[in-house]
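Structural features, examined
Here is what each chain is made of, one letter per residue.
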Amino acid sequence: MRELQNHVDGKWIDAADGGRFDVHDPATGEVVARAADSQPQDVERAVDAARRAFDEGEWPRVGERERERVLLKAAEIVRREAARLAEMESLDSGKPLAEAQEDIDEVAFMFQYFGAWATKVAGEIPPVGPDAMSLVVKEPVGVAGLITPWNYPMLMAVQKVAPALAAGCTCVLKPAEQTPLTALELPGILEEAGLPAGAFNVITGFGPGAGAPLVASRKVDKIGFTGSLEVGKIVMRESADTLKRVTLELGGKSPNIIFADSSFEEAIEGTAGGIFGNQGEICSAGSRILVERPVYDDVLEAMTQRARDVRLGRGLDPATTMGPLVSKEQQERVMSYVDIGRKEGAPLATEVRVPDELSGGYFVPPTIFYDVDNEMRIAREEIFGPVAAILPFDSLEEAVRLSNDSDYGLAAAIWTRDIDKALSTARALRAGTVWINDSQPAPTEAPWGGFKSSGIGRELGAHGIEDYLEQKHIYITIR
């Protein structure tokens, strides 16, 4: 049993009222830690520390090479501690250890990538005539409030922390209450790397007590949020009062289009990974599987077999290929959608049963509905679990129409050997990322974000650091 504290202004401290909440192993339901249940006064203390560190401290004022050095050192430390961090991530989120190891590898690369960006941010010298000179310089936006989800706990945290620090911002991180363990490893990593006290602070807790006051604070200049559409709307409304800058990475209901001329085995492999990987707890999961009618029955049969081959179990068990969902609440939510699909009349291709020996955990087996109508709730609403809806289509135009008939637009996948068809379909889809003959890669070097209700702004790539920078115009008259 670990007793976890907040990290504020370089110190480990309890919540002001001493409150704590339980952190569960999702594979068993057992309590593995107790974390600080932060309230508004705790948030204020963390924000004040970040504000002082930005207004008076050294981090925004050190040279770009020093920021690069610190973040590159953080990458080295993550690689040194990778095995331990991956085990902690698997325990906390339930995901298979192999997937957690991939996540931690990418965490290290994110620190490395954005560390290198610290010395690459450049301004402009626009022409303004012979008697003056204009300089456009880029400066850190200020204090960044970062609210991150539980499906990729450390990865999603560093996806925001690394560019914010590279830009020279100071931060307050509020990780998801379900998965605080690896977020609370970051202060030690960054302190060892040389980050000054107060530049990075972590508070744990729930939305009303910790997330809401962070968003509402007038001392916070920027909010980076990843989570559900419903909470994203609240974040946007609350941020409007202080006109703070907001980046929102929200939900998805991503189409996965299989044309009859695709490489069948590759399409099945990628499609299965796109909905069953990470227990289906992926914002870009290919949960709507659109299949051209000539191969519809074959795809249904192959996907059903893939579902049967999945090995449910604890993430730390090497034999496990799918772990539990993150919480009892999420398990109940996903199972409620299985009930909704049945009531809507969609046939089930799989048996929805968890082995008795796993009954104490938050497991949901891979589940496939077929002959789904695009107007059904299971085809329109984000389920965030290993539940697939398979829909037939008869033409490219119908595939595009069905794909775009969604409130979301985060990602899409296309499977075909015809490059002209692939590119024309990709151009027609309203999605922030379109994969061709692949599913789910989100390289740190490329922008990530969505159209429509899937969010505002982009993270990762060169765009990832720009959202933590302000542009200042300096006009010089030449006498």
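Residues numbered from 1 in each chain as written. Predicted model: local features only at pLDDT ≥ 70, side-chain atom pairs only at ≥ 80, totals over all residues. Heavy atoms only, no water.

Moving on, we come to the overall build of the protein chain. Per the secondary structure count, the protein chain includes 15 helices and 21 strands. For a compact globule of 479 residues, the expected C-alpha radius of gyration is about 23 Å, and the protein chain comes in at 23 Å, within 12% of that figure. By its C-alpha atoms, the protein chain is 75 × 60 × 40 Å across when sized along the principal axes. Within the protein chain, the proportion of its 479 residues that are buried is 57%. Summarising the internal contacts of the protein chain: among those between residues at least 6 apart in sequence, 74% fall at separations of at least 24. For the protein chain, the distance from the average site of its 50 positive side-chain charges to the average site of its 75 negative ones is 5 Å. (Helix = DSSP H or I, 4+ residues; strand = E, 2+ residues; numbered from the N terminus. Rg over C-alpha atoms; globule rule 2.2 N^0.38 Å. Buried < 20%, exposed > 50% of the residue type's maximum accessible area, 1.4 Å probe, protein only. Contact = heavy atoms within 4.5 Å. Lys, Arg positive; Asp, Glu negative; His and termini not counted. Charge placed at Lys NZ, Arg CZ, Asp CG, Glu CD.)

For helix α8 (residues 229–240), spanning 12 residues, the distance from its first C-alpha to its last is 17 Å, which sits close to the expected 16 Å at 1.5 Å a residue. Those residues of α8 hidden inside the fold are in contact with α7 (207–216), β10 (222–226), β11 (245–249) and β16 (408–409). (Expected span 1.5 Å × (residues − 1).)

Pairing in this open sheet of 3 strands is mixed, and the strands run β1-β5-β4 from one edge to the other. At either margin of the open sheet sits one strand with a lone partner, and together these are β1 (2–3) and β4 (20–24). Inspection of the sheet shows β4 paired to strand β5 (residues 31–36) by 5 bridges, in the antiparallel sense. If you follow Phe21 over to β5, its bridge partner there is Ala35. (Pairing = 2+ DSSP bridges.)

So, about a negative patch on the surface. On the surface, a cluster of negative charge is made up of Asp297, Asp298, Glu301 and Asp371. Mapped onto the elements of the fold, Glu301 is located in helix α10 (residues 296–309). Judged by relative accessible area, Glu301 falls into the exposed class, the value being 59%. (Patch = residues over 30% accessible without salt bridge, like charges linked within 9 Å, V, L, I, M, F, W, Y side chains within 5 Å. Areas by Shrake-Rupley, 256 points an atom, 1.4 Å probe, with all protein chains shown as cover. Salt bridge = Lys/Arg side-chain N within 4 Å of Asp/Glu carboxyl O.)

Our next topic: the environment of Gly232. Here Gly232 is to be found in helix α8. Contact partners of Gly232, with chain neighbours within four places excluded, come to Phe225, Leu248 and Leu250.

Turning our eyes to something else, we now look at the environment of Leu72. Tracing the sequence through the fold places Leu72 in helix α2 (residues 64–80). Once the C-alpha coordinates of Leu72 and Asp22 are considered, the two residues, 50 residues apart in sequence, prove to be 34 Å apart. Contacts of Leu72, omitting those with residues within four sequence positions, involve Phe111 and Gln112.

A few words now on the nonpolar core. Within the largest apolar cluster, 98 residues are counted, with the highest numbers of intra-cluster contacts made by Phe111, Leu190, Phe200, Met303 and Ile368. With 11 residues, helix α5 (residues 153–167) is the largest single contributor of residues to this core. Those residues within four positions of Met303 in sequence are excluded, and the remaining contacts are Ile268, Thr271, Ala272, Ile275, Phe276, Ile289 and Ile368. By size, the runner-up hydrophobic cluster in this structure holds 27 residues, among which are Val338, Ala389, Ile414 and Leu429. (Core = buried A, V, L, I, M, F, W, Y, C linked by side-chain atoms within 4.5 Å.)

Let us look at helix α6 (residues 186–193). The α-helix advances 3.6 residues per turn, and as a result positions three or four apart in sequence lie on the same side. Those residues of α6 that fall on the buried side of the exposure criterion are Leu186, Pro187, Ile189, Leu190 and Ala193. Relative to the axis of α6, the buried residues are bounded by an arc of 165° and lie together on one face. (Arc of directions from axis to C-beta.)

The next point concerns the sheet that holds strand β15 (residues 387–393). Strand order in the open sheet made by the 6 strands is β14-β15-β13-β12-β17-β18, with parallel pairing throughout. Every interior strand has two partners, whereas the edge strands, β14 (367–369) and β18 (433–436), have only one. Averaged over neighbouring strand pairs, the angle between their axes works out to 20° when direction is ignored. Sheet analysis places strand β17 (residues 411–415) next to β18, joined by 4 bridges and oriented parallel. Considered in β18, the bridge of Ile414 is made with Ile436. In the packing of helix α9 (residues 264–276) onto the sheet, the strands contacted are β12 (255–258), β13 (288–292), β14, β15 and β17, and the crossing angle to β17 comes to about 160°. Each of β14 and β15 is contacted by helix α11 (residues 328–344), which is oriented at about 25° to β14, the strand it contacts most. (Axes fitted to C-alpha atoms, helices over the stretch in contact; angles between N-to-C directions.)

A word on unusual backbone geometry. In this structure, Gln279 takes a positive phi of about 60° despite not being glycine. Assessed through its relative accessible area of 1%, Gln279 is described here as buried. For Lys452, which is not glycine, the phi dihedral falls at a positive 50°. A relative accessible area of 37% places Lys452 in the partly exposed class.

Under the criterion given, the structure shown has 6 aromatic pairs. Between Phe109 and Tyr113 the ring centres are 6.0 Å apart and the planes differ by 40°, which places this aromatic pair in the tilted class. Here Tyr113 and Phe109 lie together in helix α4 (residues 97–117), a separation of 4 residues that amounts to about one turn. Members of the aromatic cluster, connected to one another through ring pairs, are Phe109, Tyr113 and Phe114. In this structure, Lys222 is placed above the aromatic ring of Tyr468, and the distance from its NZ or CZ to the ring centre is 4.0 Å. (Phe/Tyr/Trp six-rings, centres within 6.5 Å; stacked < 30°, edge-to-face > 60°. Lys NZ or Arg CZ within 6 Å of the ring centre and 35° of its normal.)

Our focus in this paragraph is the pattern of salt bridges. What the rule picks out here adds up to 32 salt bridges. In this structure, Glu139 engages Lys472 in a salt bridge whose closest nitrogen and oxygen atoms are separated by 3.1 Å. Of the two residues, Glu139 is situated in strand β6 (residues 132–140) and Lys472 in strand β21 (residues 469–477); the sequence distance between them amounts to 333 residues. Given the relative accessible area of 31%, Glu139 is considered partly exposed. Judged by relative accessible area, Lys472 falls into the partly exposed class, the value being 38%. Ionic pairing is found between Glu398 and Arg401, a salt bridge with its closest N-O pair at 4.0 Å. Of this pair, Glu398 and Arg401 both sit in helix α13 (residues 396–404), 3 residues apart, which is roughly one turn of that helix. Connected through shared salt-bridge partners, Arg2, Arg80, Glu81, Arg84, Glu185 and Glu192 make up one network.

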